[in-house]
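An overview of the molecular structure
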Amino acid sequence: MSQRKESYRAALQRGQDDSVTRSTKVTTLQNRYLRVTVEVDPDLRDDLARWVAWPVSSVMVAGTTVLRTLAATVGMVSRPGR
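What counts as what
Residues numbered from 1 in each chain as written. Predicted model: local features only at pLDDT ≥ 70, side-chain atom pairs only at ≥ 80, totals over all residues. Heavy atoms only, no water. Helix = DSSP H or I, 4+ residues; strand = E, 2+ residues; numbered from the N terminus. Buried < 20%, exposed > 50% of the residue type's maximum accessible area, 1.4 Å probe, protein only. Areas by Shrake-Rupley, 256 points an atom, 1.4 Å probe, with all protein chains shown as cover. Patch = residues over 30% accessible without salt bridge, like charges linked within 9 Å, V, L, I, M, F, W, Y side chains within 5 Å. Salt bridge = Lys/Arg side-chain N within 4 Å of Asp/Glu carboxyl O. Pairing = 2+ DSSP bridges. Contact = heavy atoms within 4.5 Å.

**With respect to the overall build of the chain**
In terms of regular secondary structure, the chain is built from 2 helices and 2 strands. Residue burial in the chain is summarised as follows: out of 82 residues, 1% are buried. Summed over its atoms, the accessible surface of the chain is roughly 8200 Å², and 59% of this surface lies on carbon and sulfur atoms.

Here it is, written out as structure tokens:
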């Protein structure tokens, strides 16, 4: 148990290797009264794409189904003789 604690403490003290740090995109917005710096992690784009892909595809399928049903209904209503 104490060996595990020691190795954990040693890992915390080592910190992060500077040669492995990822490059980030930094944008600075500045005007007369305010200066804001936004730093974006490059992996954020991949995470957002993964999180948003399923809901967006679900909305697209639902929208397509609604439009097809609506188009079929309008088609039947506009041609009552058939």
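There's more to say after this.
**Observations regarding a nonpolar patch on the surface**
Taken together, the side chains of Leu29, Tyr33, Leu34, Val36, Val38, Val40, Leu44, Leu48, Trp51, Val52, Val56 and Met60 present a nonpolar region at the surface, about 1100 Å² in accessible area. Put simply, the parts of the chain that give the nonpolar patch at least two residues each are strand 2 (35-40) and helix 2 (43-78). If you tally residues by element for the nonpolar patch, the top one is helix 2, at 6 residues. With respect to the secondary-structure elements, Val38 resides in strand 2. The class for Val38 is partly exposed, based on a relative accessible area of 37%.

**Remarks on the pairing of strand 1 (residues 25-30)**
Taken across its 6 residues, strand 1 has 0 buried, putting it largely on the surface. Here 6 bridges tie strand 1 to strand 2, and the two strands are oriented antiparallel to one another. The residue bridging Lys25 from the neighbouring strand is Val40, located in strand 2.

**Side note on the pattern of salt bridges**
Per the stated rule, a full pass over the model turns up 1 salt bridge. For the salt bridge of Arg50 with Asp47, the shortest nitrogen-to-oxygen distance reads 3.5 Å. In this pair, Arg50 and Asp47 are both assigned in helix 2, 3 residues apart and thus about one turn of the helix distant. In this structure Arg50 comes out as exposed when scored by relative accessible area, which is 55%. For Asp47, a relative accessible area of 25% translates into the label partly exposed.

**Considering the environment of Thr27**
With respect to the helices, strands and loops of the structure, Thr27 is situated in strand 1. For Thr27, a relative accessible area of 34% corresponds to the partly exposed category. A C-alpha to C-alpha distance of 6.5 Å links Thr27 and Glu39, two positions 12 residues apart in sequence. In this structure, Thr27 is in contact with Val36, Thr37 and Val38, ignoring residues within four places of it in sequence.

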